[in-house]
Amino acid sequence: MREIVSRVLVILSFISAPFFAAPARSQPQYPNYPSETPDHFQPATASFDYGRRVVMIPMRDGVKLHTVILVPKGAKNAPILFTRTPYDADTLTENSHSSHLASTLWGYDNATEVIVEGGYIRVVQDIRGRHNSEGDYVMNRPLHGALNPTPVDHSTDTYDTIDWLVKNVPETNGRVGVLGISYDGFLPLMALVNPHPALKVSVPMNPMVDGWMGDDWFHNGAFREQNMSYIYEQEATRNSGFGGNEARWWTDHFDDYDVFMQSVSAGQLGKLHGMEQLGFWNKLVAHPSYDEFWRDQAMDKILAAQPLKVPVMLVHSLWDQEDIYGAMAVYKAIKPKDTNKDKVFLVMGPWHHGQEIEDGSTLAALDFKSDTGLYFRQHILRPFLDHYLKDDAPASDVPPVSAFDTGTNEWHKLQSWPSGCAEGCSIKPTHVYLNPGFKLSFSAPKPGDSQLDEYVSDPAKPVPYRKRPIQPMGYGNGLTWSEWLVDDQREASGRTDVLSFTSDVLTKPVKISGQPVVNLVASTSGTDSDWVVKVIDVYPDEVAGDKQMGGYQLMVSADIFRGRYRESMENPKPIESGKPLLYKWSLPTANHVFLPGHRIMVQVQSSWFPLYDRNPQTFVPNIFWAKPEDYGGGPYLRNCRTCGLSNFKSHHGG
């Protein structure tokens, strides 16, 4: 009996154990060991030659924009140089962690000598939706209107920021100049729309102006395929792209030629990278033609309809590999409004995109025998800004047009553009013709001369736009993207799908001053076609003292035209197969002298890959979605007849 009870008790005690657990042990207590990092560290900057302020400036809709203000020590009554950017204001104003303002600014989009030596207050701001600014991001955000239903745009944001700056920066004299390069150059154009009274000058350098006609996204209808990486990195996240490490474009081949060939079409490559998630990519793919989406946001057209209130200096690079269209288009649009000849100024230098704020002594193989970038900053930009922004500045002698002649390597001060040469020399317009036997001549073909040259353009083997392996678009790390417009063209001239027409050796200088106009009469066995025309300076077979330039084929002006837009940029049509048709378009502005002993060459081809997407050469509604079978119809003949160029000038004396 006792045994049974004992067992029962044992069982009961086991069952009841979870309900009568022993109290938990208390955690051991250690003495407090204070952190060595303060809650709020205050950098010691008393020895700095500038002060740094970071503020969030409210816009009229309540959105706050991250703004960096750098004030030189001891500044009083100082003007402001203002740049708005999608590329991270912190990065652009902290190129090095230094007590010296010059070292801090030395880098992209800071004309450092001008800012520091001129005693300017430097202000850089993240545009809305990028990096540390609030709000939503839209690529090249259009003005309020049909394309932008909100009440805010870059014009209003610039106005609101300037209004805040002149009221809250006590060291300023209340005068503001806005300047910037590329996207940052598009924004000074926006500032000209309903400008703030304190805005006294605008300097758009290499600005994005019309993304379809000839800047970043298309050229005359042909899509700039290699810029897909920029779109990806600019829109994927708030902090991607320049100044951020998020959402970087990826590849799976060393050679960009292979990257774009394997995906067949740009649309398919976009899908491979998930770009359908990006708002601007979807807009771009939906608008392959020049419809109201592109026309209504083209800055040259917008500014042509605006009153001209603020002096503008447009800065153009003659070998701008990204935005070679914009500055000249704006100049042509607004110069007629400058009735007093004191509002519109133009500078043309021998630079790649943005090189005007860097060393401008050379560009790849070209040597200009002086630092053209430094000349621009010291003798053109600084006096121009000082004149409008300072009370005690000396009178400016900056001419309406400052133009560097490539070939002779000379700066000229001109009263207007285009102007063939310095004042006093005689010029006469002339035409250049493609003649039989691949001859380039100033004389038209004679009646009865054979006027037919042909080549085979195979979309399965497009012409590379530069020597392979082709690098991606980008700067630094050994990339040479900025140099492709001055690549030696001998690689192309040796191909059977490129026609090369060459003049006799010149006995006197010949100058291009302005935009060469292409008049190409050609037929094709397909129903669509791209046409590429390149004007080239062929150097003598040997160049004393500069061996690498012997026989060099320097591209002076070149561009592409998509044949489906021959009759209308908005309404593409198939090309009538086998019928000779006229294709007419303008090449980028040139200011070049072909010297005696050189020859002029014109090349004609039908692809420029992968800079531009492949044309199937069979008409399809939207080339972004061309299928593999659209490219599979075999090679197509291109018959080039009575081709010519105008706007050449023969340069006599001077």
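Residue numbers run consecutively from 1 along every chain, following the written order of its sequence. The predicted origin of the model limits local features to residues at a pLDDT of at least 70 and limits the giving and counting of side-chain atom pairs to 80 or more, whereas totals for whole chains, interfaces and linings rest on all residues. Excluding hydrogens and water, the side-chain figures rest on all heavy atoms present in the structure.

Further remarks concern the overall build of the protein. The number of helices and strands found in the protein is 15 helices and 25 strands. Across its three principal axes, the protein shows a C-alpha extent of roughly 135 × 75 × 55 Å. Taking all 654 residues of the protein together, the buried fraction comes to 56%. The criterion used for residue contact is that any of the two residues' heavy atoms lie within 4.5 Å. Put simply, 74% of the contacts in the protein that link residues at least 6 apart link residues at least 24 apart. Computed by Shrake-Rupley with a 1.4 Å probe, the accessible areas treat only the displayed protein chains as cover when residues are assessed. Of the roughly 27800 Å² of accessible surface on the protein, a fraction of 53% belongs to carbon and sulfur atoms. For the purposes of this entry, the term helix denotes a DSSP run of H or I that reaches at least four residues, the term strand denotes a run of E that reaches at least two, and both are numbered from the N terminus. In this scheme, a residue with accessible area under 20% of its type's maximum is buried, one over 50% is exposed, and one in between is partly exposed, where area comes from a 1.4 Å probe on protein chains only.

Attention shifts here to the environment of proline 350. Inspection of the secondary structure puts proline 350 in the loop between strand E10 (344–349) and strand E11 (362–363). The class for proline 350 is buried, based on a relative accessible area of 0%. A C-alpha to C-alpha distance of 28 Å links proline 350 and alanine 89, two positions 261 residues apart in sequence. Not counting chain neighbours up to four residues away, the residues in contact with proline 350 comprise Leu318, Trp319, Gln355, Leu363, Phe368, Thr372, Phe404 and Thr406.

The next subject is the confidence of the model for the protein. Within a predicted model, pLDDT stands for the predictor's per-residue confidence, ranging from 0 to 100. Considering every residue of the protein, the mean pLDDT works out to 91; 91% of them sit at 70 or more. pLDDT under 50 marks residues 1–20. Its contacts with residues more than four places away, or in other chains, come to zero contacts. Here residues 648–654 scores under 50 on pLDDT; set against residues more than four positions off or in separate chains, the count is 37 contacts.

To continue, consider the pattern of salt bridges. Think of a salt bridge as a Lys or Arg side-chain nitrogen and an Asp or Glu carboxyl oxygen that are within 4 Å of each other. Counted under the stated rule, the structure contains 32 salt bridges. Between aspartate 90 and arginine 52 there is a salt bridge, with the nearest N and O atoms lying 3.6 Å from each other. One end of the pair, aspartate 90, is in helix H2 (residues 89–92); the other, arginine 52, is in strand E1 (residues 50–58), and 38 residues separate them in sequence. We classify arginine 52 as partly exposed; its relative accessible area is 29%. Across the salt bridge formed by aspartate 160 and arginine 60, the nearest N and O atoms sit 2.8 Å from each other. Of this pair, aspartate 160 sits in helix H5 (residues 154–168) while arginine 60 is found in the loop between E1 and strand E2 (64–72), placing the two residues 100 residues apart along the sequence. Sharing partners across several salt bridges, the network here consists of Asp61, Arg84, Arg128 and Asp157.

What follows is about the sheet that holds strand E6 (residues 199–205). A sheet is described by the order of its strands in space; here 10 strands give the open sequence E1-E2-E4-E3-E5-E6-E9-E10-E13-E14, paired in mixed fashion. Of all the strands in the sheet, the pair left with one neighbour each is E1 and strand E14 (410–414). Strand-to-strand twist across the sheet, computed as the mean angle between neighbouring axes with direction ignored, equals 20°. Bridge analysis of strand E13 (residues 401–405) against E14 gives five bridges, and the strand direction is antiparallel. Residue pairing for E14: valine 401 is matched across the bridge by leucine 414. With axes taken as lines fitted to C-alpha atoms, and helix axes fitted only over the stretch in contact, angles between N-to-C directions fall between 0 and 180 degrees. Of the strands in this sheet, strand E3 (78–85), strand E5 (172–181), E6, strand E9 (312–317), E10, E13 and E14 are in contact with helix H14 (residues 372–389), which crosses E6 at around 160°. Whether two strands pair comes down to DSSP finding at least two bridges between them.

With that settled, consider the pairing of strand E20 (residues 530–538). Among the nine residues of E20, nine are classified as buried, and the element is accordingly described as predominantly covered. Of the two faces of E20, the one holding Asp530, Val532, Lys534, Ile536 and Val538 and the one holding Trp531, Val533, Val535 and Asp537 are both buried throughout. When E20 meets strand E21 (residues 553–562), the two strands line up antiparallel, connected through nine bridges. Bridge pairing in E21 links tryptophan 531 to phenylalanine 561. Direction of pairing for E20 relative to strand E24 (residues 599–605): antiparallel, over a ladder of seven bridges. Within the sheet, the bridge partner assigned to valine 532 lies in E24 and is glutamine 605.

Turning our eyes to something else, we now look at the pairing of E3. Here E3 lies mainly inside the structure; eight of its eight residues are buried. Pairing of E3 with strand E4 (residues 121–126) involves six bridges; the strand directions are parallel. Bridging across to E4, threonine 83 finds its partner in valine 124.

Moving on, we get to helix H10 (residues 279–286). All buried positions along H10 are accounted for by Phe280, Trp281, Leu284 and Val285. End-on view of H10: buried residues confined to an arc of 130°, all on one side of the axis. At its buried positions, H10 is contacted by strand E7 (218–219), strand E8 (222–223), helix H7 (228–235), helix H9 (266–272) and helix H11 (292–295). An arc is given here, and it is the one of the directions from the helix axis to the C-beta atoms.

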